[in-house]
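Residue-level listing of the chains:
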Amino acid sequence: MTKSFLGIDIGGSGIKGALVDLERGDFATDRLRIPTPMKSTPGKIAQVVSRIVNSFAPQLDPATPIGITVPAVVTHGKTRTAANIDKSWINAEAENIFKAKLGREVVLVNDADAAGVAEQHYGAARDCDGLVVVTTLGTGIGSAMIFRGILIPNTEFGHLELDGAVAEKQASANAKAENKLSYSEYIPRLQRYYSHLERLFWPDLFVVGGGISRSSSKFLPKLKLSAPIVPAQLRNKAGIIGAAYLASLR
Ligand code: BGC
């Protein structure tokens, strides 16, 4: 039997977990989702994560680490930023907070890094052995850069400057919704964003995820870039699958 790992994805509205079959790169169980608490401090989130872990505990080897994603820069287990989450995550010893609450090993990673790794191993970038840039268009813009399977973590390409502002404020799915942009108004922003990324990094492949990628046929074919730009394949499973995969490497 293949060993399963638990992946947990912490998002702005829900905290989701599932056991992952790493051979297939898919969920081995149904996903459990619990709404994110209102004041989403690391301590409060750890309580919800603990409920999720407990519900899968009978199927989990106590020695296996749990993979957890957060929408923040993570270096050496510490969360360093909080662009779209409670400010108490800035410089929090988040991995240790989770470890103490769960009484087990934890691997904490940036949400887009986890999604990117999953797309590289099991999804849209599976056959690319060059440089892949994965972006997630959601509340913010998350990014992952992977070269021949190796993740360069915490790239934060959503925080590049675009037209005098932070790129995610201009070109995320949220920016489209908040500014009530039609696709014909949104596409030029995406074009400037991806052209900028291309001039800086020259990837072999762009992969675009986030909820809006479900409608990718409305905008991706309109973008003119040297590298192919394709929709993510694992959709909202990518964070959980990538977190579990990264936990299995520890
Ligand atoms: C954060 C990133 C995160 C992205 C997607 C950005 O605002 O800075 O760390 O990956 O949102 O959630």
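For the structure, see preceding data.
The structure presented is a predicted model; accordingly, all values stated were derived computationally and were not measured.

**Details of the site of the ligand**
- The immediate surroundings of the ligand are formed by Pro71, Ala72, Ala83, Asn84, Asn110, Asp111, Ala112, Ile141, Gly142, Glu156, His159 and Glu168.
- In the environment of the ligand, an oxygen atom lies 2.9 Å from a nitrogen or oxygen atom belonging to the side chain of Asn110.
- Between the ligand and His159 there is a distance of 3.0 Å, counted from an oxygen atom to a side-chain nitrogen or oxygen.
- For the ligand, whose free accessible area comes to 310 Å², the fraction covered by protein is 91%.
- Looking at the shell around the ligand, the elements with two or more residues in it are α3 (111-122) and β10 (141-147).
- Of the residues contributing to the shell around the ligand, the split by class is five nonpolar, four polar and three charged.

**Some points on the environment of Leu32**
- By secondary structure assignment, the location of Leu32 is in strand β4 (residues 32-35).
- Spatially, the C-alpha atom of Leu32 lies 29 Å from that of Glu178, the residues being 146 residues apart in sequence.
- In this structure Leu32 touches Ile15, Lys16, Gly17, Ile52, Ser55 and Phe56, once residues within four positions along its chain are discounted.

**As for the packing of α3 against helix α7 (residues 238-249)**
- Two elements in contact, α3 and α7, have axes separated by 7 Å at closest approach and are oriented at 85 degrees. Considering the angle they form, α3 stands roughly perpendicular to α7. Here Ala114, Ala115, Val117, Ala118, Glu119, His121 and Tyr122 of α3 lie close against α7, whose contacting residues are Ala238, Gly239, Ile241, Gly242, Ala243, Tyr245 and Leu246.

**Focus on the pairing of strand β2 (residues 14-21)**
- Among the eight residues in β2, eight count as buried, and that is most of the element.
- Judged by which residues are buried, β2 turns out to be covered on both faces: Gly14, Lys16, Ala18 and Val20 on one side and Ile15, Gly17, Leu19 and Asp21 on the other are all buried.
- Pairing of strand β1 (residues 4-10) with β2, which is carried by seven bridges, proceeds in the antiparallel orientation. Across the sheet, Ser4 pairs through a bridge with Asp21, a residue of β2.
- Taking the residues between adjacent antiparallel strands as the criterion, β1 and β2 are bridged by three residues.
- Where β2 meets β4, four bridges bridge the pair, whose relative direction is antiparallel. What sits directly across from Ile15, in β4, is Ile34.
- Taken together, the two bridges between β2 and strand β3 (residues 26-27) define a ladder with antiparallel strand orientation. Pairing of Val20 across the sheet is with Phe27, part of β3.

Procedures and definitions
- Residues numbered from 1 in each chain as written.
- Predicted model: local features only at pLDDT ≥ 70, side-chain atom pairs only at ≥ 80, totals over all residues.
- Heavy atoms only, no water.
- Near = heavy atom within 4 Å.
- Polar contact = N/O pair within 3.5 Å; in protein donor to acceptor, adjacent residues only side chain to side chain.
- Areas by Shrake-Rupley, 256 points an atom, 1.4 Å probe, with all protein chains shown as cover.
- Helix = DSSP H or I, 4+ residues; strand = E, 2+ residues; numbered from the N terminus.
- Nonpolar A, V, L, I, M, F, W, Y, C, P; charged D, E, K, R; others polar.
- Contact = heavy atoms within 4.5 Å.
- Axes fitted to C-alpha atoms, helices over the stretch in contact; angles between N-to-C directions.
- Parallel < 35°, antiparallel > 145°, perpendicular 65-115°, else oblique.
- Buried < 20%, exposed > 50% of the residue type's maximum accessible area, 1.4 Å probe, protein only.
- Pairing = 2+ DSSP bridges.

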